Amino acid sequence: QVQLVESGGGLVQPGGSLRLSCAASGFTFTDYGMSWYRQAPGKERERVAYIGPGGSTSYKDSVKGRFTISRDNAKKSVYLQMTSLKPEDTAVYYCYAGVGKWGQGTQVTVSS
C-alpha cells in the first residue's frame, strides 16, 4: 500500500523558513521522481519542485533560489527547504510520487 506522510508545515513570518518532509512507503522509492505541489485558496494546484530518481531537479520560476528540493533514498523521504518565504507562498503543500500517489497535504501560512 503506497503511503506518503507529510510534515513540517506551519505559520511563519515573511522572510522566514520552513522545511517540509514527506516519508514514503509501499513502493520502490528509488525508481520514481518525487514532486511538491501547492494549492492556494481559489487557485489550481501547481507544481513547485521536482526531483528525479537520479537527483535532477526543477523548480517553478517564482521559487527558484528560495526553495530547495532534496531526497534521502535510505530514508525513503523527500524534503522541501523553503527560505525567504512570502505571503504568496501561503498554500496547502502536497507531496506527489511518480507512482501516482498524493500525500494528505500540509498547510503553510506566511503572515505577520
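Residues numbered from 1 in each chain as written. Predicted model: local features only at pLDDT ≥ 70, side-chain atom pairs only at ≥ 80, totals over all residues. Heavy atoms only, no water.

A. Structural detail: the side chain of R66. If you trace the backbone, R66 turns up in the loop between β6 (57–59) and β7 (67–72). Among the polar contacts listed, one links the side chain of R66 to the backbone oxygen of S84, at a separation of 3.0 Å. Ignoring sequence-local partners within four residues, the contact set of R66 consists of Q81, M82, T83, S84, L85, K86 and D89. (Helix = DSSP H or I, 4+ residues; strand = E, 2+ residues; numbered from the N terminus. Polar contact = N/O pair within 3.5 Å; in protein donor to acceptor, adjacent residues only side chain to side chain. Contact = heavy atoms within 4.5 Å.)

B. Quick look at the pattern of salt bridges. Enumeration according to the criterion identifies 5 salt bridges in this entry. For D89, the salt bridge goes to R38, with nearest N and O atoms at 3.0 Å. Here the residue D89 occupies a position in the loop between β8 (77–82) and β9 (91–97), and R38 occupies one in strand β4 (residues 34–39), the gap between them amounting to 51 residues. K60 is the salt-bridge partner of E46, the closest N and O atoms lying 3.3 Å from each other. (Salt bridge = Lys/Arg side-chain N within 4 Å of Asp/Glu carboxyl O.)

C. Examining the sheet that holds strand β3 (residues 18–25) more closely. An order of β1-β3-β8-β7 is seen for the 4 strands of this open sheet, with the pairing classed as antiparallel. Each having just a single partner strand, β1 (3–7) and β7 make up the two edges of the open sheet. Averaged over all neighbouring strand pairs, the angle between strand axes comes to 15 degrees, with direction disregarded. Bridge analysis of β7 against β8 gives 6 bridges, and the strand direction is antiparallel. Within β8, the residue paired with T68 across the bridge is Q81. (Pairing = 2+ DSSP bridges. Axes fitted to C-alpha atoms, helices over the stretch in contact; angles between N-to-C directions.)

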